[in-house]
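Overview (structure and organization)
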Amino acid sequence: MTTGWATPALNARELYRFFRTGDDETLALRGVSLTVARGETVAVVGPSGSGKSTLLACLAGLDEPAGGSVEVAGERISHRPEAVRARIRAHRIGVLLQSRNLLPHLDVRGNIRLARRAWRHSGFRPSADELLDRVGLGERGRATPAQLSGGELARAGLAVALANHPDVLLADEPTGELDGYTEEQVLELLRDHAAQGAGLLIVTHSAEVVAIADRVVTIRDGEVAA
Ligand SMILES: Nc1ncnc2c1ncn2[C@@H]1O[C@H](COP(=O)(O)OP(=O)(O)OP(=O)(O)O)[C@@H](O)[C@H]1O
C-alpha cells in the first residue's frame, strides 16, 4: 500500500453500465457512487439481479462502466487501456470472485507466487507457504484448484487475493461455502488486512459478514438505496 490514509482506498463516482441483448436493454448500474476509506469494511447487499456483481467487476477494472469513474488509491482505473487496468489490478487490488481468481493449470502455491510478484509494499512480505498457513491450507499447496473442496477453494482464493498486499480488496460472497468456524477465520483475515490500511468491499448475503462491516450499502435496481 503506497499512498497515505487520507486518500480513499476506493472512490467510485456515478457509475453507469448498460447491457444490450437483442432489442432488450438492461440498465444494470444507474449512477452508483461509493467510497471505501482505508481501514474500512463495507458490505454491499441487495436482491438478486440488483447489479452487485456488475458493480464489483467495474470496481476491479474487469469491466468498463459506460459512464462514471473508479479510482483505486487515487489512481484512475476506469477508461484506461486493458493493459493499464491489469497492471493497476495486479499491484493495488485483491479480487475474490468465488474460485475465479485461481488459474486452473497452476497448483495453489503457484497461484499465490504469481500474485505475490506484484507486491510493492515496503513491509515484510510473507512467503507463499506463510500465506498458505495463514488460510489453513499448509498441506494443500501442491493441489490444483480442481482437487480442492469448495471451502478450500475459497481459502486458496483468499490467499491469492492477499498475496499482493492490495490497497483494496473486493470480494463476492467470500464465505458462501464455508462452515461457521472457517467463516470466522476468513473474516478475521479480511479484517486484519483492513486494519493494515486496506479498504474492504464485500458483496454478501451473510448476516455474519454484515455484522462485522463498518457500513452497509444496499443496491436496488442498479442504484444505491437511501
Ligand atoms: N453480460 C450480461 N448481459 C446481459 N445482462 C446482464 C449481463 N450481466 C448482468 N446482466 C443483467 O444486469 C442486471 C444486474 O446483474 P448482476 O449480476 O450485477 O446482479 P447481482 O445483484 O449481482 O445478482 P445476484 O445476487 O443474483 O448475483 C441483471 O438484470 C442481469 O440480468
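Right, let's walk through the structure included here. Since the structure is predicted, the reported quantities are computational estimates derived from the model, not experimental observations.

Conventions adopted
- Residues numbered from 1 in each chain as written.
- Predicted model: local features only at pLDDT ≥ 70, side-chain atom pairs only at ≥ 80, totals over all residues.
- Near = placed C-beta within 6 Å.
- Helix = DSSP H or I, 4+ residues; strand = E, 2+ residues; numbered from the N terminus.
- Nonpolar A, V, L, I, M, F, W, Y, C, P; charged D, E, K, R; others polar.
- Pairing = 2+ DSSP bridges.
- Buried ≥ 20, exposed ≤ 12 C-beta atoms within 10 Å, placed from the backbone.
- Contact = placed C-beta atoms within 7 Å.
- Axes fitted to C-alpha atoms, helices over the stretch in contact; angles between N-to-C directions.
- Arc of directions from axis to C-beta.
- Parallel < 35°, antiparallel > 145°, perpendicular 65-115°, else oblique.
- Left-handed = near helix turned anticlockwise from the far one by under 90°.
- Right-handed = clockwise from strand over helix to strand, strands pointing away.

Some points on the site of the ligand
- Taken together, Phe19, Thr21, Thr26, Ala28, Gly46, Ser48, Gly49, Ser50, Gly51, Lys52, Ser53 and Thr54 make up all the residues around the ligand.
- When residues of the shell around the ligand are traced back to their parent elements, those giving at least two are β1 (10-21), β2 (24-36) and α1 (52-59).
- Counting residues per element, the shell around the ligand draws most heavily on α1, which supplies three residues.
- Of the residues belonging to the shell around the ligand, the class tally is two nonpolar, nine polar and one charged.

Some thoughts on the pairing of β2
- As judged from the ten bridges shared by β1 and β2, these two strands associate in the antiparallel manner. In the sheet register, Phe19 faces β2, and the bridge partner there is Thr26.
- Count of turn residues in the β1/β2 antiparallel hairpin: two residues, of which Gly22 carries a positive phi of about 60°.

Let's talk about the environment of Val72
- Within the secondary structure layout, Val72 lies in strand β4 (residues 67-72).
- With 29 C-beta atoms packed within 10 Å, Val72 lands in the buried category.
- In this structure, the C-alpha to C-alpha distance between Val72 and Asp167, residues 95 residues apart in sequence, is 7.5 Å.

A word on the sheet that holds β2
- An order of β2-β1-β4-β5 is seen for the four strands of this open sheet, with the pairing classed as antiparallel. Each having just a single partner strand, β2 and β5 (75-76) make up the two edges of the open sheet.
- Along the sheet, α1 contacts β1, β2 and β4; its crossing angle with β1, the most-contacted strand, is approximately 120°.

Considerations on helix α3 (residues 108-116)
- The set of residues buried in α3 consists of Val108, Arg109, Asn111, Ile112 and Ala115. For α3, the arc enclosing every buried residue in end-on projection is 160°, short of the 170-degree limit, so these residues lie on one face.
- On the buried face of α3, the contacting elements are α4 (128-134) and α5 (150-162).

Observations concerning the packing of α3 against α5
- Interaxial distance between α3 and α5 falls to 8 Å at its minimum, and their mutual angle equals 25°. By the angle class used here, α3 and α5 are roughly parallel. The crossing of α3 and α5 is right-handed. For the pair α3 and α5, contact is made by Val108, Asn111, Ile112 and Ala115 and by Ala156, Ala159 and Val160, respectively.

Observations regarding unusual backbone geometry
- Of note in this structure, Glu14 is not a glycine but carries a positive phi near 50°.
- Phi angles above zero are rare outside glycine, and Asp221 is one such case at about 50°.
- Of note, Asp221 is situated in the loop between β9 (215-220) and β10 (223-224).
- Taking the number of C-beta atoms within 10 Å as the measure of exposure, Asp221 has 14 and is therefore partly exposed.

Focus on the sheet that holds β9
- Strand order in the open sheet made by the six strands is β6-β7-β8-β3-β9-β10, with mixed pairing throughout. Each having just a single partner strand, β6 (93-97) and β10 make up the two edges of the open sheet.
- One ladder, built from five bridges, connects β6 with strand β7 (residues 168-172); its direction is parallel. Across the sheet, the residue bridging to Ile93 is Val168, located in β7.

With respect to the pairing of strand β8 (residues 199-203)
- Extensive coverage of β8 is indicated by the burial of five of its five residues.
- Residues of β8 alternate between two faces, with Gly199, Leu201 and Val203 on one and Leu200 and Ile202 on the opposite face, all of them buried.
- Two elements, strand β3 (residues 41-45) and β8, share four bridges in a ladder whose sense is parallel. Pairing of Val44 across the sheet is with Val203, part of β8.
- Judged from the five bridges that link them, β7 and β8 form a sheet pairing that is parallel. In the sheet register, Ala171 faces β8, and the bridge partner there is Ile202.
- Of the crossover connections in this fold, the one passing from β7 over helix α6 (residues 180-195) to the parallel β8 is right-handed.

Treat this as a map of the structure, not an account of what it does.
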